[in-house]
Amino acid sequence: MSGGSGSRRTDAPRGLPLALLLPVAAASLRKRWTAFAGSFVALTLGVALIGATGLLTEAAADIESPDPAAPSLKKLLTFTAGVSGFVSVFVVASTFAFAVAARRRETALLRAVGATPRQVGGLVLGEALLVALVASGCGALLAPVLAPLLADWLVRRAVAPDGFSAPTTPGPLLTAVAVEAAVALLGAWAAARRAGRVRPTEALGQAAVDRGRTTAGRLLWAVLALAVAVTVPLLLAAMPEPLRRDPQLRDPRNLPDWALVCDLLAITTVALLAPLLVPPLVRLLTLPVRLSAGAVGLLARQNALTAVRRTVSTATPVFLVVALAGSVVGSTAAFAEARDEQTRAALRAEYVMEADGPKGIPPEFPLGAPGDRDEDATGGGAGKGTGGRLGAFGRMGGGDRMGLYVTAVADTPLTGLDGGSGDAAAGAAVTTATVVDGDITRAWELPAEAGSLADLKGPGTVAVSAGLAKSRHWRLGDRLTTGLADGTKATLRVVAVVRTPLSLSEVLVPYAAVAGHDRSLRAGTAYVSTDTRASVSFLFGVDPGEKGAGGVRVTPAEEWTGGNDSPQNRYLWIALAATLGPAVLYALIAVVNTMVMSTGDRLRDFATLRLTGGSDRQVLGMVAGEAVLTTATAAVLGLLVTLATQATTAWLYNRWIDGAAVPAFRLPWAVTCVAAGTCLVLALLASLVPARLALRGRALDAAGGRG
């Protein structure tokens, strides 16, 4: 036995010389170039997608959105690049792993004739590296073409300013190439390592059946992803003291961002566990098929179970589409519903004016010339006859002409807002505060837990939300130190602790507190209330929803909070489309790509079935059955993820938002069904068309590998 063992140790490393294996691998790659064609497409588009979003993110570093109500352009593009990279990494890794696994017959033959595991792995990685280099170069050339298309889309929706473009710089392109090429090689390396471990005598048997066992490394990553996916929502709900010090972490208006993070973590966990979850789910979905007498359905079932890795690879893009669409759209809809409910309950104003540009609402709109109003910048900003306090912000606040009251708002940064604790983290944190010019009590009816909003006037006052006051241990009368936009130090006295809606910041300051300290301040939104509820056309000379002087849009309050089509939610859905759109489009292309690869890998199986008496119709029926089964399996996994993420989102919203405004838990069935249906149609077309073309050839040629 010892001698036999010694013989294996001396023979195995010898194998065939690498110089003899290289021509074999090159000939195999030339003959079966279609095996890596799908990987080439996936990697090219992945590099182009990450490169394009990276170029735009870099270009938006110092650019603000033209509309004050629009989301931060840099933040939006950062999330777009992140989600796009997330999707492309999974697609590229699974596609390359599938391309290597599809060549298991060639790998088995090489092992049978004496190739060592290291030689086999080296050859496979060499082929993958060649494909990755060429595809990465093509993707880097395509990225500057895609970036202007997305930039133009953002400009047309007023999220980016006119003329916004992305100059071609090497940084984002090199990053995209490095990330995607590394992911591709890791996917190919994992598959090559599995192939190299097979003993020569078992090689052909392993080539016939691919059980797709989950490796220890993948299982470890899945456990870590699951732990993080559970920990993050718990931390957000509990909000420990160190996290409360960061205004961005605890700001309820950032809930959609944190919901997206939780969604991606859940999707990552399920995607890593797919080899374990797919087989039992396939057995469950095909239980009626097993009990029936039909041969076509039974073949589709067994093919999916005996080629688990192929099933997982083809199901991954479908799963990503369904899970992302259901989870992210559902979380966004829940946030929009909660914000609308809060706004309807607290908004007293009859009309809402919104600027249509970076200059804000013009000072002459709607009350006549600027000289007609008091321009004293030292008053309190509330009460009859006041106004004209905003300078560059616009002469909007206060007023009592024809029973008309205007309350203008905008955002300003406050650095290190603190109650004297001396906390270093608080000293560096930036809080976004809502600047109020006018009588806020005429615009909003905010329940006060302490103090009164009527006292929010003068340069040394501030109102804070009840949640923020509780987390920072602030009380009525406390004096908070902060740095204004120009760096000037100021002390603000807490005059009210109120429950603020999601439409406003957790910190409210009067314009007098920041007058002259923020040159960029613009009145992006103004709330208008009247004593007589006069018609909007009479007061402003425009019809509801239309634009008046200076491009200002005037909307009745009930329409401003009228659901997904309301102006308040318009940018929320634009941000969702910008974040999710490129990634979902790429995943849909990947659905077609992987299905074509899967069908191309089955040509010899089709020929064998035809030679044993199967008709072309039965072959096509089997192909269609596998496509339906794969899509259904992925859709069910996506639905389960959506169920988990929506439950988590509802739970977080219950902890963070006023309970009266928390939306009911529901699944986005319409979006999920549309996503699954679209994937099903694409999967059927991408599998049946190549299969029908393949059936035109002679079965004997295809069975012999000459097709």
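Reading the values: the criteria
- Residues numbered from 1 in each chain as written.
- Predicted model: local features only at pLDDT ≥ 70, side-chain atom pairs only at ≥ 80, totals over all residues.
- Heavy atoms only, no water.
- Pairing = 2+ DSSP bridges.
- Helix = DSSP H or I, 4+ residues; strand = E, 2+ residues; numbered from the N terminus.
- Patch = residues over 30% accessible without salt bridge, like charges linked within 9 Å, V, L, I, M, F, W, Y side chains within 5 Å.
- Areas by Shrake-Rupley, 256 points an atom, 1.4 Å probe, with all protein chains shown as cover.
- Salt bridge = Lys/Arg side-chain N within 4 Å of Asp/Glu carboxyl O.
- Buried < 20%, exposed > 50% of the residue type's maximum accessible area, 1.4 Å probe, protein only.
- Arc of directions from axis to C-beta.
- Contact = heavy atoms within 4.5 Å.

## A short note on the pairing of strand 7 (residues 479–483)
Then comes step 1: In the sheet, strand 3 (residues 404–418) pairs with strand 7 via two bridges, with the strands oriented antiparallel. By the bridge assignment, Asp-418 is partnered in strand 7 with Thr-481.
Then comes step 2: Taken together, the five bridges between strand 7 and strand 8 (residues 489–498) define a ladder with antiparallel strand orientation. Bridge pairing links Thr-482 to Ala-490 in strand 8.
Then comes step 3: Here strand 7 folds back onto strand 8 in antiparallel fashion, the turn holding five residues, of which Gly-487 has a positive phi close to 95°.

## Overview of a nonpolar patch on the surface
Then comes step 1: There is a patch of nonpolar side chains on the surface, built from Leu-129, Leu-130, Leu-133 and Val-134 and spanning about 360 Å² of accessible area.
Then comes step 2: Positionally, Leu-129 belongs in helix 6 (residues 117–156).

## What about the pattern of salt bridges?
It is possible for side chains bearing opposite charge to pair when their charged atoms get close.
Then comes step 1: Here the structure, examined in full by the defined rule, presents five salt bridges.
Then comes step 2: Where Arg-156 meets Asp-152, a salt bridge forms, and the shortest distance between an N and an O atom there is 2.9 Å. Pair noted here: Arg-156 and Asp-152 are both in helix 6, with a separation of four residues, about one helical turn.
Then comes step 3: Take Asp-152: its relative accessible area is 39%, and that puts it in the partly exposed class.
Then comes step 4: When the shortest N-O distance is used, the salt bridge between Glu-626 and Arg-310 registers 3.9 Å. Residue Glu-626 is found in helix 25 (residues 616–656), and its partner Arg-310 is found in helix 16 (residues 308–346); the two are separated by 316 residues along the sequence.

## Some remarks on helix 24 (residues 603–611)
Then comes step 1: Taken together, the buried positions of helix 24 are Phe-606, Ala-607 and Leu-609. Taken end-on, helix 24 shows its buried residues confined to a sector of 160°, consistent with a single buried face.

## Concerning unusual backbone geometry
Excluding glycine, a negative phi dihedral is what most residues carry, and trans is how most peptide bonds are arranged.
Then comes step 1: Here the phi dihedral of His-473 falls at roughly 60°; this positive angle occurs in a residue that is not glycine.
Then comes step 2: In this structure, His-473 sits in the loop between helix 19 (466–472) and strand 7.
Then comes step 3: Given a relative accessible area of 54%, His-473 falls into the exposed group.

## Focus: the environment of Ala-496
Then comes step 1: The topology assignment puts Ala-496 in strand 8.
Then comes step 2: By relative accessible area, Ala-496 is classed as buried at 0%.
Then comes step 3: C-alpha of Ala-496 to C-alpha of Arg-475: the two residues are 21 residues apart in sequence and 8.9 Å apart in space.
Then comes step 4: Beyond its immediate chain neighbours, meaning those up to four positions away, Ala-496 contacts Ala-450, Gly-451, Ser-452, Leu-453, Val-462, Ala-463, Val-464 and Leu-476.

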